[in-house]
Amino acid sequence: MNAETGISIVTPFYNQTEIFWETYHAVINQTYTNWEWVIINDGSNTPASIRVLEKLNALNNQKIRVVTLSQNMGLPAARNQGVKHCIFDLIFFLDADDLIEPDYLEKAFITLQLNPDFTFVNSWSTGFGAKNYFWQAGFDKKSAFLQQNWVAFAGLFRKSVFTKLQFNEGRRNGLEDWEFWLEAATHNFWGYTIPEYLFHYRNHENHDKKWANWDRGSEQKKITRRFQTTYSSLKKQFPDPQKQQYPSLTDLPALVGVPSPVGNRKTVLIVLPWLELGGVERFTLHYMAAMAHMYDFVMVTTNAGKHSHEAEFKKYCKQIYHFASLADGTAYPALWNYVINTWQIQLLVISHAQPAYYILPYLKATFPGVRVTDILHLVEENWKQGGYPNMAVEYSRYIDKHVTASNQINEWMASRGVARDKLQTIYINVDTKKIQPLDEAVRRSKKKAFFKLLSDDQLVLLFSGRLTAQKNTLLLPDIAAILAKKGVNFTIAIAGDGPEKDLLEEKIYQKKLQRYFTNLGSLSHTANIEAIQLADILILPSAWEGIATVLFEAMAAATPVVATNVGGQQELIEPGTGMVISLTEDINQFVETYSNNLLSFIENSTLRKKTSEAARKRVEQYFDVSLTHNKLQLLFEALLSQPAAAVTPLLPQTVQHYYQNISTWKQEQSLPSAPNWKQLRIMKLLKRMYKVSTGKRPLNYLWSRGKKSIG
C-alpha cells in the first residue's frame, strides 16, 4: 500500500449516540475512495455508544478500524493516539458528530498535492443544530489567530507535522485546537482554507457546559492572555504560505484519481468562469436540466468568485471543481488531466472561460478523443478585439464546432476565417410555457404594490440587467429627464446591481430625478420574471449585446421592449414586435431618439398592446427553448459519434504561449473590480463630510430608501 496516495481519517469517539451514523454516511460516500478510517474509542461506557460500536464492528468494513483505549483520556489524547495508528501520509481529522460534503476529501487531497507549502487545509463551514450559521473565516486570518480561534478542528494534514507537534493532552476541556494552530505557526507550519462550504459543524445546546475552557468568561480570558504571551513572537512574523506556481508542464505533479464507474451515459464537461446567474450561466443551467436524463455532467469553473448559485447547478451534475479555489492558474493543466481522466470525459463544452481556450492545444495533444465545442453569446469589440468569439477564432483548429447565439456572431467569425461548416447558430430562446403574460386585471392589481407606485396610472419602465457600461446604465437619468419634461407620469424601476451603481445614483441625485426612479435591487430569477410581467415597458439602451436574455423573457411575457440595434437583437425583434433604436456615436442624439421612440409607445396604449401580442406570438412560434435543447442534443450526439481526431503535437512554443496567456489572465483577475472594505469605509466617511459641509443629503439617499431585494 502506497502511503502517499491515501488518506487516514481520525475520529475520536466518546459516548456518541445514533447521531454518529450521519457522520458515518458522510465518510463512506466520499468521492475520494482511497481512505482508511481510524476511530478512537476513548473509553465509551454508555449503553447507546456501546451499541453503536458493536454495530460498526459487525459491518466488517476492512477500511474501518476501531481502536479502544482502556480509559477516557480526553479529546487531545484520542487524536494523538489516532495519529499513531494511521497508515497514510495524509490525515483528516473529523469529530464523530460533524458532517462533510461528499467531495471534501477529494478537494483537500488535490489542494495539498498541488501546493507543497501548505501543511494543512480546511474549508469554509456551516453550523447546524442548536445554532445555524455560515462561516467564511479561515487560515487567511493569520496573526488574528492571536485574538481568537477562527476555525473548527477539521481538515487534512500532512502526517509529517506530527513529528514535531502533538495535541496538548493536558488541555482536555477545550481550546486545544486553538493552541495547536498557534504552536504550528511558531514552527512555521500553516495552511489554506478552500473557499467552499465543505464542512458542517454540529452545535449542541450544552456546548459551553461540555467545554469548561469555552466559558466566555474568566477562564477563557485567562487562557487567551496566556496564549498571547506565549506566542507573542507571531505578531512580528507569521507564516504566509502561497499557492505553488509551476513554470512548466514537466514540473507539475501527477494527480491520480480513481476513475468513476462507466455507465450507459456519456460524460460531458462544462466549463464556465463562475456560477453566478447571468445570461450565460442561466442558459447553461437550463440546457443541463433539459438533458440531465441523457448525459452525466461534470462542471469546472476557472475564475475566483462567490459561485452563489452553485446549489442550482449541483442538481444536474455529478461534480463541480472550482479550479481557482484549489490551485494557481499555472497548475491548471494538472487539474484538467485529473478531471478528464477521473470522469472519462468525452465532450468538452466551453462558455466564456479564458483558461479553457488557452489549454486546448495541450488537451488536444493529450486527449485526442475528447470532442470540443464552445458556446458564444456576444461580440465585445472593446475587449480583446471581439472578446470570446475572437479567442474562438484563434483556437478554432482545436474546436470541433462553434455554437453562436446569433447569426451576427456567426458572420463575424466567418469573416475572420472560421469555416462555415464549423459554425452553427443556436438561439438561447425562452421557455414560453413557464413565462406567460399575466391577465391584465391581475397585472394591474399587483403592479402598484410590487413597484411601490404613488398612483394606479403611473407607468413602469423596467430596466433589468447589470449596472455596467455595456448596458448604457448612465443614460437612464438622461432618458428620464426628457420624459419628465414631457409631463409623463412614470417611474424607471431598476432591477439589478453592478459597478456603475454609485455613478448612476450620483447622476440621478445631481439631476434631481429621485422621484422618477425605483430601486428593486438584485432580484432572484423568479422575482425578476414577475417584475417583467408587471412592467408596462422594458427598456434596454445597451451599447453592445449578443441578444439579451431579458428581451426573450419580456417578449414571452408580452411586455413591450425598446432596445438597441446592437449584436443580433434585430434577429429577434422584427418590425411590429418591439422597437429597436439605432445606436449612434452622438450620445445626445441617441438619447433624444431613444426617448422620443419610447414616448410614442408610452402615449399609444393600443400600439403597446398590438406590439406585445405580436412579440409573444413570435417567440412562441420561433424562439421556444425546446428548439434550443433539441438542437443542442443533436449537436452533442453528432460530436460524440465522430471518430477520434488525429493527435495534434504539442510544440514547445505552444506551451510557452499557454504560460504567457495564463500570466496575463492572472494579472487581469487580480485587478480590483470593486472597492474593498477599506475603500468603502473611506467613501462612507467622505459622504458624511459632504453632508456636514453642504447640508445636503448624501448620495446614497435614493438607494437606501429603496427595496434591497425581492424574492
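In this numbering scheme, every chain counts its residues from 1 along its sequence in written order. Reporting of local features is limited, given that this is a predicted model, to residues whose pLDDT is at least 70; pairs of side-chain atoms are given and counted only at 80 or more, and all residues count toward the totals for whole chains, interfaces and linings. Think of the side-chain values as coming from all heavy atoms in the structure, minus any hydrogens and water.

Colleague: What exactly am I supposed to notice about the packing of aromatic side chains here?
Modeller: The description of an aromatic ring pair uses the distance of the two centres, along with the angle that the planes make with each other. Aromatic contacts are taken between Phe, Tyr and Trp rings whose centres are within 6.5 Å, Trp giving its six-membered ring; a plane angle under 30 degrees counts as stacked, one over 60 as edge-to-face, and the others as tilted. On inspection of all chains with the given rule, the structure shows 56 aromatic pairs. A network of ring pairs unites the aromatic residues F93, F120, F139, F145, F153, F157, F162, F167, F180, W181, W190 and F238 as a single cluster. Only when the NZ of Lys or the CZ of Arg is both within 6 Å of the ring centre and within 35 degrees of the ring normal is a charge said to sit over the ring. Above the face of the W150 ring, K141 is positioned so that its terminal group lies 4.4 Å from the ring centre.

Colleague: It is not clear to me how the sheet that holds strand β21 (residues 561–564) should be interpreted in this structure. Could you clarify?
Modeller: The strands making up a sheet are joined through hydrogen bonds of the backbone, oriented either antiparallel or parallel. Strands pair, by our definition, only if DSSP identifies at least two bridges between them. Numbering of helices and strands starts at the N terminus; helices are DSSP runs of H or I of at least 4 residues and strands are runs of E of at least 2. One open sheet holds the six strands; their spatial order is β19-β18-β17-β20-β21-β22, and the pairing between them is parallel. Here the strands that pair on one side only, and so sit at the sheet edges, are β19 (517–521) and β22 (579–581). Strand-to-strand twist across the sheet, computed as the mean angle between neighbouring axes with direction ignored, equals 25°. Two strands pair when backbone bridges link them, and strand β17 (residues 459–464) and strand β18 (residues 490–495) are joined in this way by six bridges, in the parallel orientation. Bridging across to β18, V460 finds its partner in T491. Lines fitted to C-alpha atoms define the axes here, with helix axes fitted over just the stretch in contact, and angles between the N-to-C directions of these axes take values from 0 to 180 degrees.

Colleague: Just to check I follow, could you spell out helix α3 (residues 75–84) for this structure?
Modeller: An α-helix turns once per 3.6 residues; consequently, residues spaced three or four apart project the same way. Within α3, nine of the 10 residues are buried, which leaves it mostly tucked inside the rest of the structure. Regarding α3, the residues found buried are L75, P76, A77, A78, R79, N80, Q81, G82 and V83. Residue contacts follow a heavy-atom distance rule, with two residues in contact if any of their heavy atoms lie within 4.5 Å. Contact partners of the buried residues in α3: β1 (7–13), β2 (35–41), β4 (90–93) and α5 (176–186). Throughout this description, buried means an accessible area under 20% of the type-specific maximum (1.4 Å probe, protein chains only), exposed means over 50%, and partly exposed covers the range between.

Colleague: It is not clear to me how the pairing of β17 should be interpreted in this structure. Could you clarify?
Modeller: Remark: a regular strand shows side chains that alternate across the two faces of the sheet. Burial of β17 is extensive: six of the six residues sit out of reach of the surface. After leaving β17, the chain enters helix α17 (residues 476–485) and then returns to the sheet as β18, a path that is right-handed. Where β17 meets strand β20 (residues 537–539), two bridges bridge the pair, whose relative direction is parallel. In the strand pairing of β20, L461 is matched with I537. Place the viewer so that the strands point away; then a crossover is right-handed whenever the path from the first strand over the helix to the second strand goes clockwise.

Colleague: Teacher, can you tell me more about the sheet that holds strand β10 (residues 267–272) here?
Modeller: Spatially, seven strands are ordered β12-β11-β10-β13-β14-β15-β16 in an open sheet, and the strand pairing comes out parallel. Strands with a single pairing partner mark the edges of an open sheet, and in this sheet they are β12 (319–322) and β16 (423–425). Put simply, the sheet's adjacent strands are angled 20° from each other on average, direction ignored. On the sheet, helix α8 (residues 279–291) packs against β10, β11 (296–301), β13 (347–350) and β14 (371–376) and is oriented at approximately 165° with respect to β10. The strands that helix α24 (residues 625–640) touches are β13, β14, β15 (401–404) and β16; relative to β14, the one it contacts most, it runs at about 155°.

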